[in-house]
Amino acid sequence: MSTPAPGDLALPARESPTGSASGRRRWRLSGLGRPVLLLNLLGIFAFYAVWALATETGAVSPLFFPSPSMVAAEARSVAGTADLWMSVVASGRRVFLGFGLAALVAVPLGIVMGCWWPAKATIDPLISLLRPLPSITWIPLTMLWLGIGEGQKIAIVFMGSWIYILLYTVESTKRVDPLLIKAARNLGAGSFAVMREVVLPGSLPGILAGLKVSLAIAWSCVLSAEMVAAQTGLGALIWSAKDWSNMPLVLVGMICISATVLVADLIANWIEARLLPWERARRTH
Amino acid sequence: MTSFLSARGVSKTFGNSASGVLALSNVSLDVREGEFVCLLGASGCGKSTLLNMFAGFIPPSVGELRLRGEPISGIDPRCGMVFQSYALFPWKTVRENVAFGPKMRGAGRRERRDIAERFIEMVGLSGFGDHYPTELSGGMQQRVTLARCLAADPEVLLMDEPFAALDAMTREILQEELGRIHMRSGKTVVFVTHNIDEALIMADRIVVMSPRPGRISAFIGNELPKPRNIDTQLLPSYARMKREVWSHIAGDMAAMRDNN
């Protein structure tokens, strides 16, 4: 036996077919054997029950808060028209463009700031000044510059999300193991290669987590922008429904926002799993 | 002839010069090309500090280090480091990890793949190229680190207690394989360990180091026949060597006890 075929193979790799991995996931879903999913459903049901009981019995006036059946009827009637779907598409498009642009600017900038202290030292004070400003404070200026068209909505989304993406990115670069940077340089990597090959992938899990949080913020930005000046979008839909005192439609709009952000989150999770295959390998062991 | 790898009058103080700790005091060492040198000593003797200085990770406070007569200043890819904690890139597969050095020197996709395959096979991991490091055992990860280092084709391999975190059986297998790889590749190796048996199995020459302050207390040539393996430990000459090495270390230990 001249070549001891890797004698030290405690071999976790081959013994983990997908079966055990999905088994683990199911186990985790129920959280250490606790009936988490059951309680999730119970919580939703309890909320619905209180809402239905309070409104359908007339204890709460429908003018004050519409009942589930009124909301359902309104939803059925608007779901048949193009209005609702156009609103979802219009808002979604603004978020997609504004948020995408913010990510394209903030992620590379954050990586550079994390790797190169002069960049961080220069930009840090600017961030401190801009961060406390909610995105709606940008509405007057952006309207002056860009009117009330698409560009202005996208700018609001951009202004509201880029700083958070930047902060998350800078923070994530700090969590990259310095030993890995040392190892890369020892193997001949220059500064740019270290950023591309080590800092970016090493901080990617944190960056993606930050992007998910910022995505929710981007949605709230677009809605406030649409409430102030817009003919289309979910924000405008809710605002005009208010003007017509159509509270059921307001609630339909709110539910639509929740559902859209939930779907966006699911898509983000799916992309995350595709971008971080090594994290999946770690989790299944 | 100038020596291949050398340290000349090297001292290292951590912290400021007044209240700092003297980690290494006036160390001089010459390593021949192709030689396998073990730095052996208890913790605190500065052996890892010396190794990190050869890699250019930390500069000496006094003295200088040279490779082929050229001073080592800054992180130097000519001195490849094998870390005790592997330091593999978790987001890269085994193949991508091993191909990292060739990629950094601009090798093409095809060439990188060929080089990676060759070294993956050399360390006995054929078939594991597409796995991520976290899917492998500690011993396998250390093999990948070794392959990654060799694939970058450094002139010197620096190894910082590479097998210390592994179980005893895995360690012996990897020691034997490293001995074979060293003979085949002819690379110069500086290997840090605190294990006398490991030093006796691996080294052409053992550099015994003592703590407080870190310094070299003895050079011991190791003439045990190669290739060495578990059987080597049964030779009478092995026992003699071990006693000799131990006598140097025991002397230091006694001196330390008296000082305390």
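Note that the structure is a prediction, hence the values are computed from the model and not measured. (Residues numbered from 1 in each chain as written. Chains lettered and ligands numbered in written order. Predicted model: local features only at pLDDT ≥ 70, side-chain atom pairs only at ≥ 80, totals over all residues. Heavy atoms only, no water.)

1. A word on the sheet that holds strand β2 (residues 21-31) of chain B
All names here are of chain B.
Step number 1: Strands sit in the order β2-β1-β4-β5 across an open sheet of 4 strands; the sheet is antiparallel. What marks the edges here is a single partner per strand, and that holds for β2 and β5 (70-71).
Step number 2: Here strand β1 (residues 5-14) pairs with β2 via 7 bridges, running antiparallel. Opposite V10, over in β2, you have V27 as the bridge partner.
Step number 3: Packed on one face of the sheet, helix α1 (residues 47-55) meets β1, β2 and β4 (62-67) and runs near 120° to β1. (Pairing = 2+ DSSP bridges. Helix = DSSP H or I, 4+ residues; strand = E, 2+ residues; numbered from the N terminus. Contact = heavy atoms within 4.5 Å. Axes fitted to C-alpha atoms, helices over the stretch in contact; angles between N-to-C directions.)

2. Some thoughts on the confidence of the model for chain B
Step number 1: Across chain B, pLDDT averages 90, with 97% of residues at or above 70.
Step number 2: Prediction confidence for the complex, expressed as pTM and ipTM, is 0.79 and 0.88 respectively. (pLDDT = per-residue confidence, 0-100.)

3. Looking at the packing of helix α9 (residues 191-228) of chain A against helix α11 (residues 247-275) of chain A
Residues and elements named next belong to chain A.
Step number 1: Between α9 and α11, the shortest axis-to-axis distance is 11 Å and the interhelical angle comes to 160°. The pairing of α9 with α11 is recorded here as roughly antiparallel in orientation. Helix-helix and strand crossings are classified by hand; for α9 and α11 the assignment is right-handed. Contact residues: L204, P205, L208, K212, L215, W219 and L223 in α9; I257, T260, V261, A264, D265, A268, N269, E272 and L275 in α11.
Step number 2: Its residues placed into classes, the contact of α9 with α11 shows 11 nonpolar, 2 polar and 3 charged. (Parallel < 35°, antiparallel > 145°, perpendicular 65-115°, else oblique. Left-handed = near helix turned anticlockwise from the far one by under 90°. Nonpolar A, V, L, I, M, F, W, Y, C, P; charged D, E, K, R; others polar.)

4. Observations concerning the nonpolar core
Step number 1: One finds L5(B), L39(B), L50(B), F54(B) and L158(B) to be the most contacted residues of the largest nonpolar core, which totals 93 residues.
Step number 2: When residues in this core are grouped by element, the largest group, 14 residues, is from α9(A).
Step number 3: In this view, L5(B) contacts L29(B), D30(B), V31(B), F54(B), R66(B), L67(B), I72(B), V156(B) and V190(B); residues no more than four positions away in its chain are not counted.
Step number 4: Within the second largest apolar cluster, 48 residues are counted, among which are V123(B), L157(B), I201(B) and I249(B). (Core = buried A, V, L, I, M, F, W, Y, C linked by side-chain atoms within 4.5 Å. Buried < 20%, exposed > 50% of the residue type's maximum accessible area, 1.4 Å probe, protein only.)

5. A closer look at the layout of surface pockets
Residue and element names in this part refer to chain A.
Step number 1: Of the voids in this model, the largest pocket is the one considered here, and its volume is about 570 Å³.
Step number 2: In this structure, the largest pocket is lined by 18 residues; those nearest its centre are F99, L215, I267, A268 and I271.
Step number 3: Elements that contribute at least two residues to the lining of the largest pocket include exactly α4 (82-115), α9 and α11.
Step number 4: A total of 8 residues in the lining of the largest pocket trace back to one element, the largest contributor, which is α11.
Step number 5: By residue class, the composition of the lining of the largest pocket is 13 nonpolar, 3 polar and 2 charged. (1 Å grid on protein atoms, 1.4 Å probe; cavity = no way out; pocket = protein on both sides within 12 Å on 5 of 7 lines; lining within 4 Å. Points joined across faces, edges and corners; volume = space filled by probe spheres on them.)

6. Here we look at the environment of L24(B)
Residues and elements named next belong to chain B.
Step number 1: Mapped onto the elements of the fold, L24 is located in strand β2.
Step number 2: Once the C-alpha coordinates of L24 and G179 are considered, the two residues, 155 residues apart in sequence, prove to be 29 Å apart.
Step number 3: Once you skip the residues sitting within four places of it in the chain, L24 turns out to touch V10, S11, K12, C45, G46, T49, L50, M53, M209 and G214.

7. Some thoughts on unusual backbone geometry
Residue and element names in this part refer to chain B.
Step number 1: A cis amide bond links R212 with the next residue in sequence, P213, at an omega value of -10°.
Step number 2: With respect to the helices, strands and loops of the structure, P213 is situated in the loop between β9 (205-210) and β10 (215-221).
Step number 3: Note the cis peptide between K226 and P227, where omega equals -5°.
Step number 4: Relative to the assigned elements, P227 resides in the loop between β10 and α8 (236-259).
Step number 5: In this structure, R68 is a non-glycine residue whose phi angle is positive, near 50°.
Step number 6: By the element assignment, R68 lies in the loop between β4 and β5.

8. Regarding the interface of chain A and chain B
Step number 1: Each partner contributes to the interface: chain A provides 32 residues, whereas chain B provides 40 residues.
Step number 2: Summed over both partners, the interface of chain A with chain B comes to about 3,000 Å²; 68% of that surface belongs to carbon and sulfur atoms.
Step number 3: At the boundary of chain A with chain B, the tally comes to 2 salt bridges.
Step number 4: The salt bridge partner of E197(A) is K103(B), with a shortest N-O separation of 2.9 Å.
Step number 5: Where chain A meets chain B, there are 5 residue pairs in polar contact (both at pLDDT 80 or more).
Step number 6: Residue assignment for the side of chain A that touches chain B shows that the elements contributing at least two residues are α8 (178-186), α9 and α12 (277-283) of chain A. (Buried area = accessible area lost by both parts, 1.4 Å probe. Salt bridge = Lys/Arg side-chain N within 4 Å of Asp/Glu carboxyl O. Polar contact = N/O pair within 3.5 Å; in protein donor to acceptor, adjacent residues only side chain to side chain.)

9. Overview of the domain arrangement of chain A
Step number 1: Domain boundaries assigned for chain A yield domain 1 (19-56) and domain 2 (86-283).
Step number 2: Placing the centre of domain 1 of chain A and that of domain 2 of chain A at their C-alpha centroids yields a distance of 29 Å. (Domains from an automatic or database assignment.)

10. Overview of the sheet that holds strand β8 (residues 188-193) of chain B
Residue and element names in this part refer to chain B.
Step number 1: Strand order in the open sheet formed by 6 strands is β6-β7-β8-β3-β9-β10, with mixed pairing between adjacent strands. If you trace the sheet from one side to the other, it starts and ends with β6 (79-82) and β10, each paired once. Ignoring strand direction, the axes of neighbouring strands in this sheet form an average angle of 20°.

11. Notes on the UniProt feature "domain: ABC transmembrane type-1" (unreviewed entry) in chain A
Step number 1: UniProt tags residues 88-268 of chain A as "domain: ABC transmembrane type-1" (unreviewed entry).
Step number 2: Between the first and last C-alpha atoms of residues 88-268 of chain A the distance is 18 Å; the span itself is 85% helix and 0% strand. (UniProt positions renumbered as here; feature names shortened; annotations may be inferred.)

12. A look at the UniProt feature "transmembrane region" (unreviewed entry) in chain A
Step number 1: UniProt records the feature "transmembrane region" (unreviewed entry) at residues 35-54, 95-117, 129-148, 154-170, 191-211, 217-237 and 249-271 of chain A, using the numbering of this structure.
Step number 2: For residues 129-148 of chain A, helix accounts for 50% and strand for 0%, while the C-alpha atoms at its two ends are 26 Å apart.

13. Describing the pairing of β1(B)
Step number 1: Here β1(B) pairs with β4(B) via 5 bridges, running antiparallel. Residue pairing for β4(B): A7(B) is matched across the bridge by L65(B).

14. What to know about helix α10 (residues 234-243) of chain A
Residue and element names in this part refer to chain A.
Step number 1: Those residues of α10 lying buried are L234, G235, A236, L237, I238 and A241.
Step number 2: Its buried side turned inward, α10 meets α4, α9 and α11.
Step number 3: Looking one or two places after α10, you find S245, whose phi comes out positive at around 55°.

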